[in-house]
Amino acid sequence: MTSSIHPTVRLNKYQKIRGKWNKRTYTIVRLIGEGARGSIYLALLSQQYVALKISQDSSVVSAEVNALKMLKKVQGQSLGPLLLDVDDVVLGHQTVYAFYVMEYIDGVPLNTWVKQEGLQWLFPASQQLLSQLHQLHNLGHIFGDLKPENILVDRKSKQVRLVDVGGVTPFGRSIREYTTWYDRGYWKLGDRRAEPSYDLFAYAVCLLSMDPHIKIQQMKSKDIEKVIQSATSLKPLHAVIRHALHGEFDTAVEMKHAIEQVNQKQLKVSQTKTSKSNFKMELMGVGTIVTIHFALLYYFIW
Amino acid sequence: MNTGTIRQILLITDGCSNQGEDPVQVSTMIADKGVAVNVIGVLDDDKSEEPTGLSEVNEIAQSGGGISRIVYADVLSETVQTVTRQAMTQTIQGFVSKELKEIFGKETDETDLPPEERGEVQRVVEDLGETVDLQVLILVDTSASMQNKMEAVKDAIDDFILSLQARTGNHYYSIFQFPAKNQVVKELLPWTNDGAKVAKVFPKLAAGGITPTGAALKQVVRSFQNVPNSAEWRDDSDDIIDSSYGTSQ
């Protein structure tokens, strides 16, 4: 019977977790996160860092394992973390807990990353993320619980990775997990049935939440247009965001192209602006930075 | 496969009952009728610790074969979803365990299966959860202390109906409040599957009075007899979810 507040499981540093079925032993390093569905720990398997998710509710583990297996079917770069092991562990007074182990992604949530590195990162990040979403949609599933915390930028590769697959839902089904602010139902702009535009709505809110003027959790009004208007740093993207919020993109690729077009336009604008020496740091494409760098390089060589 | 019907009461309250029958006892009786009792305890914003009165919240759900959560008003919406979904999963899992027992001839829990096979069971549970018919009776505590939480309750109910509508399976919901003038409970909205009707109820949801939780529960459970019999609303005898499930936990 699940009557506890959260299905979290407390493990200690250095605690050994030995799987009942596959007999692998993991050593707990630290807690990474705790949520409504369980706890995630950083753990060591021999010398390898892995992420271990454990829950009092075994159906949480089964469901997420199913989702991770489904994501594996995507060719090329993996969509979610790689699934490494699924097992049970007996703890304390003979209580059995289900857990699964996945690749540890040493990453920074997209919102933190953008705060540190600048809004121009939204362009390459969006390109990557929307391609990944498109692949997922091609498998007939949506991500569901899309929010900045679930989009990690890998520290080493600088690639965007989706984590936390608890919301992955087949098309036509009711969304399994979502977070209020990123849910179109909350804003009264659509239902909670899984279709690609549900993810694109959530991503549009993610974009809005990156604007330093926006504190999405403190928004009292449910009028999304007001939120758009206050996101002044993202002005060039307003049209795209509005489009996504009103479900006018059918596929992730359409949204990706639209953002790319904004990027190209920004590039041209800022180029002319630089030459006129009234360069305004509003929203810069990565291309711009590259151009500036090349300009500087050229200057030094010369 | 013919999917059955899941029946739930969702009680939203902020504290202990102070009049009439013992709600924990009543809840056991309700579970015997095949109706799960879920309870959400709503905390006051200024209280950092769980008040002792709210322990009753867990006890009612436990004896009612349901799920309980104690939360602040601002997370009420998501809690209503989680609780309903988990209770539904729990009921379905109870049914699945029973099936497994028949197959294997002994008490078999999902965790007795190797993780690989568990994934298949989970898929079946999820399919049923999505397609099974659902009847939810929402019982709102509108005693005086709930006054400043009513807006959150309305938002949560509104949001909940949206989630019900996203499901593939049929649903019926009804809304009751307690206490009411000169009576223990009052039906605010009879059984319906029309999401638009919920808005009309909200102006009537005003708080004031005492908290006869047990008596209120006892009265509302009778209302499951009044669920409309539409053509798609299947007969009880077809239920694959055994109505005696609540006692087998």
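Definitions and limits used
- Residues numbered from 1 in each chain as written.
- Chains lettered and ligands numbered in written order.
- Predicted model: local features only at pLDDT ≥ 70, side-chain atom pairs only at ≥ 80, totals over all residues.
- Heavy atoms only, no water.
- Helix = DSSP H or I, 4+ residues; strand = E, 2+ residues; numbered from the N terminus.
- Areas by Shrake-Rupley, 256 points an atom, 1.4 Å probe, with all protein chains shown as cover.
- Buried < 20%, exposed > 50% of the residue type's maximum accessible area, 1.4 Å probe, protein only.
- Contact = heavy atoms within 4.5 Å.
- Lys, Arg positive; Asp, Glu negative; His and termini not counted.
- Salt bridge = Lys/Arg side-chain N within 4 Å of Asp/Glu carboxyl O.
- Polar contact = N/O pair within 3.5 Å; in protein donor to acceptor, adjacent residues only side chain to side chain.
- Nonpolar A, V, L, I, M, F, W, Y, C, P; charged D, E, K, R; others polar.
- Expected span 1.5 Å × (residues − 1).
- Pairing = 2+ DSSP bridges.
- Axes fitted to C-alpha atoms, helices over the stretch in contact; angles between N-to-C directions.
- Core = buried A, V, L, I, M, F, W, Y, C linked by side-chain atoms within 4.5 Å.
- Domains from an automatic or database assignment.
- Parallel < 35°, antiparallel > 145°, perpendicular 65-115°, else oblique.
- Phe/Tyr/Trp six-rings, centres within 6.5 Å; stacked < 30°, edge-to-face > 60°.

**What about the overall build of chain A?**
Now for step 1: Counting its regular elements, chain A contains eight helices and 11 strands.
Now for step 2: In the form shown here, chain A has an accessible surface area of approximately 14,300 Å², with 55% of it arising from carbon and sulfur atoms.

**So, the overall build of chain B**
Now for step 1: Counting its secondary structure elements, chain B contains seven helices and six strands.
Now for step 2: Taken from N to C terminus, the helices and strands of chain B fall in the order β-α-β-α-β-α-α-β-α-β-β-α-α.
Now for step 3: In chain B, which comprises 249 residues, the proportion classed as buried is 56%.
Now for step 4: Partitioning the contacts of chain B with sequence separation of at least 6, the portion at a separation of at least 24 is 79%.
Now for step 5: When the accessible area of chain B is evaluated, it comes to approximately 10,700 Å², of which 47% is carbon and sulfur surface.

**Quick look at the side chain of A:Asp57**
Now for step 1: Among the structural elements, A:Asp57 can be located in the loop between strand E4 (48-55) and helix H1 (58-72).
Now for step 2: B:Arg69 is the oppositely charged side chain nearest to the buried, salt-bridge-free A:Asp57, at an N-O distance of 7.1 Å.

**Quick look at the pattern of salt bridges**
All names here are of chain A.
Now for step 1: With the rule as written, the count across this model stands at 22 salt bridges over all chains.
Now for step 2: Between Arg 37 and Glu 64 there is a salt bridge, with its nearest N and O atoms 3.0 Å apart. Taken as a pair, Arg 37 in the loop between strand E2 (25-35) and strand E3 (38-45) and Glu 64 in helix H1 lie far apart in primary sequence, 27 residues in all. With respect to burial, Arg 37 and Glu 64 carry one shared label: buried.
Now for step 3: Note that Asp 106 and Arg 155 form a salt bridge whose closest N and O atoms lie 3.0 Å from each other. Taken as a pair, Asp 106 in the loop between strand E6 (95-103) and strand E7 (107-109) and Arg 155 in the loop between strand E9 (151-154) and strand E10 (160-162) lie far apart in primary sequence, 49 residues in all.
Now for step 4: Owing to a relative accessible area of 30%, Asp 106 belongs among the partly exposed residues under this scheme.
Now for step 5: Relative accessible area serves as the criterion here: at 45%, Arg 155 is assigned to the partly exposed category.

**A few points about the interface of chain B and chain A**
Now for step 1: Opposite the 39 residues of chain B that make contact, chain A presents 31 residues.
Now for step 2: In this structure, the connection of chain B to chain A is made through six salt bridges.
Now for step 3: Note that A:Lys69 is salt-bridged to B:Glu116, the shortest N-O span being 3.2 Å.
Now for step 4: Where chain B meets chain A, there are 14 residue pairs in polar contact (both at pLDDT 80 or more).
Now for step 5: For the side of chain B that touches chain A, the secondary-structure elements that each account for two or more residues are helix H2 (55-63), strand E3 (68-72), helix H3 (76-104), helix H4 (115-131) and helix H5 (150-166) of chain B.
Now for step 6: The greatest single-element share of the side of chain B that touches chain A, amounting to nine residues, is contributed by H4(B).
Now for step 7: Grouping the constituent residues of the side of chain B that touches chain A by class yields seven nonpolar, 16 polar and 16 charged.

**Some points on H3(B)**
An α-helical segment advances 3.6 residues per turn. Residues three or four places apart therefore align on the same side.
Now for step 1: For H3(B), which comprises 29 residues, the first-to-last C-alpha distance of 41 Å matches the rise-based estimate of 42 Å (1.5 Å per residue) to within 8%.
Now for step 2: Once H3(B) finishes, B:Gly105 follows within two positions and takes phi at roughly 75 degrees, a positive value.

**Details of the pairing of E2(A)**
All names here are of chain A.
Now for step 1: Here strand E1 (residues 16-18) runs beside E2; their pairing, made up of three bridges, is antiparallel. Bridge assignment links Lys 16 to a residue of E2, and that residue is Thr 27.
Now for step 2: If you look at the hairpin formed by E1 and E2, you'll find six residues sitting between the two strands, and Lys 23 has a positive phi there, around 60 degrees.
Now for step 3: Adjacent in sequence and paired antiparallel, E2 and E3 are bridged by two residues.

**Quick word on the sheet that holds E9(A)**
Residues and elements named next belong to chain A.
Now for step 1: One open sheet holds the three strands; their spatial order is E7-E9-E10, and the pairing between them is antiparallel. Looking along the sheet, the strands with just one partner apiece sit at the ends: E7 and E10. Pairs of neighbouring strands in the sheet enclose a mean axial angle of 40 degrees, with direction left out of account.
Now for step 2: Contacting E9 and E10, helix H3 (residues 122-138) crosses the sheet at an angle of about 35 degrees to E10.

**Brief notes about the nonpolar core**
Within soluble globular proteins, side chains that are nonpolar tend to cluster in buried spots.
All names here are of chain A.
Now for step 1: Ranked by size, the top nonpolar core spans 66 residues in total, and within it Leu 146, Ile 151, Tyr 203, Leu 245 and Met 255 carry the most contacts.
Now for step 2: Looking at which element gives the most residues to this core, the answer is helix H4 (residues 196-210), with 10 residues.
Now for step 3: Split by domain, this core shows at least three residues from each of two domains, domain 1 (16-103) and domain 2 (107-263).
Now for step 4: Filtering out sequence-adjacent residues up to four positions away, Tyr 203 remains in contact with Leu 110, Leu 122, Ala 125, Ser 126, Leu 129, Leu 130, Leu 146, Ile 151 and Met 255.

**Quick word on the packing of H1(A) against H4(B)**
The description of two packed helices rests on the angle between their axes and on the distance between the axes.
Now for step 1: With their axes 9 Å apart at the nearest point, H1(A) and H4(B) run at an angle of 100 degrees to one another. Overall, the two elements H1(A) and H4(B) adopt an arrangement that is roughly perpendicular. Two secondary-structure elements touch here, H1(A) through A:Ser59, A:Ser62, A:Ala63, A:Asn66 and A:Lys69 and H4(B) through B:Glu116, B:Arg118, B:Gly119, B:Gln122, B:Arg123 and B:Glu126.
Now for step 2: Of the residues assigned to the contact of H1(A) with H4(B), the class counts are one nonpolar, five polar and five charged.

**Examining the environment of A:Lys23**
All names here are of chain A.
Now for step 1: Inspection of the secondary structure puts Lys 23 in the loop between E1 and E2.
Now for step 2: As a C-alpha pair, Lys 23 and Asp 87 span 64 residues in sequence and 8.6 Å in three-dimensional space.
Now for step 3: Apart from the residues lying within four places of it in its own chain, the contact partners of Lys 23 are Arg 18 and Asp 87.
Now for step 4: A distance of 3.1 Å separates a polar side-chain atom of Lys 23 from the backbone oxygen of Lys 20.

**Side note on the packing of aromatic side chains**
Residue and element names in this part refer to chain A.
Now for step 1: One pass over the full model with this rule turns up five aromatic pairs over all chains.
Now for step 2: Here the aromatic rings of Tyr 26 and Phe 99 are separated by 6.0 Å at their centres, their planes lie at 80 degrees, and the arrangement is edge-to-face. On the criterion of sequence distance, the pair formed by Tyr 26 in strand E2 and Phe 99 in strand E6 is long-range, its members being 73 residues apart. In this structure, Tyr 26 and Phe 99 share a single accessibility class: buried.

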